[in-house]
Structures are given as C-alpha cells and as structure tokens.
Amino acid sequence: MSHIPVGISSCLLGQSVRHDGGHKHSRFCTGVLAEHFSFQPLCPELEAGLGVPRPTIHIRDIDGDLRLVESKGSADHTDAMRNWIKQRIPDIDQLRGYILMAKSPSCGMERIKVHNAEGRVIHREGRGLFAEALIQAYPLMPVEEEGRLNDSHLCENFIERVFAYDDWMNLVESGLTPSALVDFHTRHKFQLMAHCNQTHQQLGRMIANLKSAPIGEIGNEYIALFMAAMRKHIRRGAHANVMQHMMGFLRQALSASDRQMMTEQIDAYRREEVPLIVPMTLLMMAQRRAPADYLSRQEYLSPYPEQLGLRNKV
C-alpha cells in the first residue's frame, strides 16, 4: 500500500525550526502515522524568511487587518508571510490532509490570541495566517491540530476523513465518470449512514439522478456534502444502527446464537461497556465465513488500516 501524502508543520517531525531553535516532535506522527502517511513538512515562518532563531510574533488586529507583528516591538512580517503563502498554497493541492501545530500565529487552527495595535489580547478566537489560507483554499481537505489528535474520537475522525478524501482524489485523478461516482457512493454508503443519515439519503437521491447536470458539477456538489457529513462525530447509536443493518446481509453466516451474541455486543457498545472493535470484529468474522458481496465493498468495515487500532478506543 502506498503512503498517503499529508502536510505537517515541520516542528512536529522534530525539525528545529521553532522561534527559539527548538521543535515540538510528535512521536505519534513519526512513530504511528508515518507508517501510513508520507509527510510533507512546511514551516511558514522559516520559509517566509523569518529565520531561526527569531523574535516571537503574534497576531494584531490593526483597523480590521490581521497583521503578524513581533511581540516585542513593531516589526511587521505580514507581507512576507502573505507573499510566501500566495506562492506556496498552489503546491498543496496534491495533499490529502494536513496536521498543524497548535497555538502558532501562522499554523494554529483555532483559539489563537488576537491582540490590538498596542499588543493587548482582545480575544482568543483567531486562526494562524497560513492555517486560514490553507482552509480557505482547500475547504474539503481534512485539517487537524496535532494536540487534538490526543482525543481518540477526533483522531479517528481525522484519519477516516484522510482515507476517504484520498479515495476521492484518486477517483478524480483517474477521471470522474457516472459509474465511478456510483461506485464511490456504494463503497462509502454505510460510512455516510453512520456520520449523517440525512446526507446519505440526500446523496442517494443525487446519485439516482446523474443525468440532471454535467458529471463534474454533480461531483463537486456531491463531495462537498460528503466531506461535510464526514466531519460529524458518529454517535454510538448511529454505529449500532448501521451494524444492525449490516447483520441483515449476513443471515447465511449467522446462527441463532451468533445473532444473539452479536446483538448483545452491539447493545453493550451502545451502553459504552465495550469499544467499537468488539462488535465490529464479530461482524467481520461473519463476513469472512460467508462473504456478502455488497458488504465486501464497504469501506465502513475497514476505513483505515487495522494496525492503527483506532476502533479500540472509540
């Protein structure tokens, strides 16, 4: 399996590019995710010419314009950063996701301090200049902060979205056709049902009416709705409903006692007594005993490599 190209803040790979010459090495990224992702590192501040070491900078709101200014003094690096962003952003289009460094005035995705012209904090609802440009330019691309990956649910959601987005981008690069779009929708049907059944039904109607508009136009609308749905956290009840639905495809593989055991474990998962991997393992074992062709195509059964162990924690 080829590695998926994912962008990352350079300091998270252990590169000494921080303002103080240090780094923020993430062993989860280099020791776990690097087994599946091909990381493409960037440090906006270094590459925009600020150097290492460098004075600390923060964001100042000056007459409604967010500026990158040195925290001690008035040196303004906004234009250098914006010029670099303008040149670099187009090169990111081949990436399937991005992991950003938190609290950075360039890379922070959320809760970044914004100061007034005199340097006093006026709110903490800002976003780093590079992070803002990245999200604006690639609204469908999964983006997450490294610190939030410590939350098992946020981590699982991000990685699931990266693999789904990679599937879509590979489809587009191969040439989007009506049949390819139908196949994509079929593969991700149960994932969609779990994340947002309303969107699943809406996209199902879209797939049933592919002659209503050019395929490129339909594809753009489809993937925008698809990725928005994938960002939604899956409730335990939704997972339980999808697994019960899948049991219907496995009648030949399930004895009465099998069905009882599986139902009990799904209910135990719903009550938060066992992790998702427990009932999912029973489903996959039944599928292997008597494969149902429709289920064998479902990404829901294995949306990312099992070695990541993500379903052991959700």
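You'll find the structure just up there.
The rules we used
- Here the residue index of a chain counts from 1 through its sequence in written order.
- Residues qualify for local features only when their pLDDT is at least 70, as the model is predicted, and side-chain atom pairs are given and counted only at 80 or more; totals for whole chains, interfaces and linings, by contrast, use all residues.
- Hydrogens and water molecules were not included; the side-chain quantities draw on all heavy atoms of the structure.
- To get an axis, a line is fitted to the C-alpha atoms, and for a helix only the part in contact is used. The angle between two axes follows their N-to-C directions and goes from 0 to 180 degrees.
- Strands are runs of DSSP state E lasting at least two residues, helices are runs of H or I lasting at least four, and both sets are numbered from the N terminus onward.
- Here roughly perpendicular refers to angles of 65 to 115 degrees, roughly parallel to angles under 35, roughly antiparallel to angles over 145, and oblique to all remaining angles.
- Definitions for this section: a left-handed crossing has its near helix turned counterclockwise from the far helix by less than a right angle. A right-handed crossing has that turn clockwise.
- When checking whether two residues touch, look at their non-hydrogen atoms; a contact exists if any pair is within 4.5 Å.
- In protein, a polar contact requires one atom able to donate a hydrogen and another able to accept it; more generally it is a pair of N or O atoms within 3.5 Å, and residues adjacent in sequence count only if both atoms are side-chain atoms.
- Note on residue categories: nonpolar means Ala, Val, Leu, Ile, Met, Phe, Trp, Tyr, Cys or Pro, charged means Asp, Glu, Lys or Arg, and polar means any other residue, Gly included.
- By definition here, a helix of n residues has an expected span of 1.5 Å times n minus one.
- In this scheme, a residue with accessible area under 20% of its type's maximum is buried, one over 50% is exposed, and one in between is partly exposed, where area comes from a 1.4 Å probe on protein chains only.
- The arc under discussion is defined with respect to the helix axis, by the directions toward the C-beta atoms.
- Strand pairing follows a simple DSSP-based rule, namely that at least 2 bridges must link the two strands.
- The salt bridge definition used is simple: a Lys or Arg side-chain nitrogen within 4 Å of an Asp or Glu carboxyl oxygen.

Visitor: How should the packing of helix α10 (residues 236-247) against helix α12 (residues 277-289) be read in this particular structure?
Guide: When two helices pack together, you describe them by how their axes are tilted relative to each other and by the distance separating the axes. Between α10 and α12, the least distance of the axes is 11 Å, while the angle of their chain directions is 15°. Classed by the angle they form, the pair α10 and α12 counts as roughly parallel. Crossing hand, α10 versus α12: left-handed. Contacts between α10 and α12 involve M243, M246 and M247 from the first element and P279, M280 and L283 from the second.

Visitor: Just checking my understanding: could you explain the side chain of R187 for this structure?
Guide: Mapping R187 onto the fold places it in helix α6 (residues 178-187). Reaching out from R187, the side chain makes a polar contact with the side chain of D167 at a distance of 2.8 Å. Discounting residues that sit within four places of it in the chain, R187 has contacts with D167, R297, Q298, E299 and Y300.

Visitor: Any chance you could explain the packing of helix α3 (residues 78-88) against helix α4 (residues 129-137) here in plain terms?
Guide: Interaxial distance between α3 and α4 falls to 10 Å at its minimum, and their mutual angle equals 30°. It follows from the interaxial angle that α3 and α4 lie roughly parallel. Handedness of the crossing formed by α3 with α4: right-handed. Residues T78, M81, R82, W84 and I85 of α3 touch α4, and the partners they reach there are L129, F130 and A133. Its residues assigned to classes, the contact of α3 with α4 comprises six nonpolar, one polar and one charged.

Visitor: Whenever I open this one, α12 confuses me. Can you help?
Guide: One full turn of an α-helix is made of 3.6 residues, so residues set three or four places apart face in the same direction. For α12, spanning 13 residues, the distance from its first C-alpha to its last is 18 Å, which sits close to the expected 18 Å at 1.5 Å a residue. Taken as a whole, α12 has its buried residues at P279, M280, L283, M284, A286 and Q287. Along the axis of α12, the buried residues cluster in a sector spanning 160°; they form a single face. Set apart from the buried face of α12 by more than 90 degrees, the exposed residues are R288 and R289. Looking at the buried side of α12, the elements it contacts are α10, α11 (256-270) and α13 (293-296).

Visitor: Looking at this structure, I do not really get the sheet that holds strand β7 (residues 121-126). What am I missing?
Guide: Strands belonging to one sheet form pairs held by backbone hydrogen bonds; the direction of such a pair is parallel or antiparallel. In spatial order, the strands read β4-β3-β6-β7; together these four strands make up an open sheet with mixed pairing. Looking along the sheet, the strands with just one partner apiece sit at the ends: β4 (65-70) and β7. Direction aside, the axes of adjacent strands within the sheet are offset by 40° on average. Bridge count for strand β6 (residues 112-115) against β7 is three bridges, and the pairing is antiparallel. Within the sheet, the bridge partner assigned to H115 lies in β7 and is V121.

Visitor: Got a minute to help me understand the pattern of salt bridges in this structure?
Guide: When charged atoms on two side chains of opposite charge get close, those side chains can pair. Counted by the stated rule, this structure contains 19 salt bridges. Taking the shortest distance from any N to any O, the salt bridge between E47 and R88 comes out at 3.7 Å. Here E47 is found in helix α2 (residues 44-50), whereas its partner R88 is found in helix α3, with 41 residues between them in sequence. Among the residues examined, E47 registers a relative accessible area of 36% and is labelled partly exposed. Given the relative accessible area of 26%, R88 is considered partly exposed. Residue D79 pairs with R67 through a salt bridge whose shortest N-O separation is 3.7 Å. In this pair, D79 is assigned in helix α3 and R67 in strand β4, connecting sequence segments 12 residues apart. Given the relative accessible area of 47%, D79 is considered partly exposed. Overall, the relative accessible area of 15% leaves R67 in the buried class.

Visitor: What is the right way to read α3 from this model?
Guide: Among the residues making up α3, those that are buried are T78, M81, W84 and I85. Down the axis of α3, the buried set is contained in an arc of 135°. They therefore lie on one face. Away from its buried face by more than 90 degrees, α3 exposes K86 and Q87. Where α3 is buried, its residues meet β2 (37-42), α2, β4 and α4.

Visitor: Looking at this structure, how should I read the sheet that holds strand β8 (residues 143-145)?
Guide: Spatially, the four strands line up as an open sheet ordered β2-β1-β5-β8, and their pairing is parallel. The open sheet has two free edges, formed respectively by β2 and β8, since each of these has just one partner strand. Across the sheet, the mean angle separating the axes of adjacent strands is 25° when strand polarity is ignored. Bridge count for strand β5 (residues 98-100) against β8 is three bridges, and the pairing is parallel. Paired with L100 across the strands is E145, a residue of β8. Contacting β2, β5 and β8, α4 runs over the sheet at an angle of about 160° to β5. Of the strands in this sheet, β1 (4-9), β2, β5 and β8 touch helix α5 (residues 152-174), which is tilted by about 155° from β8.

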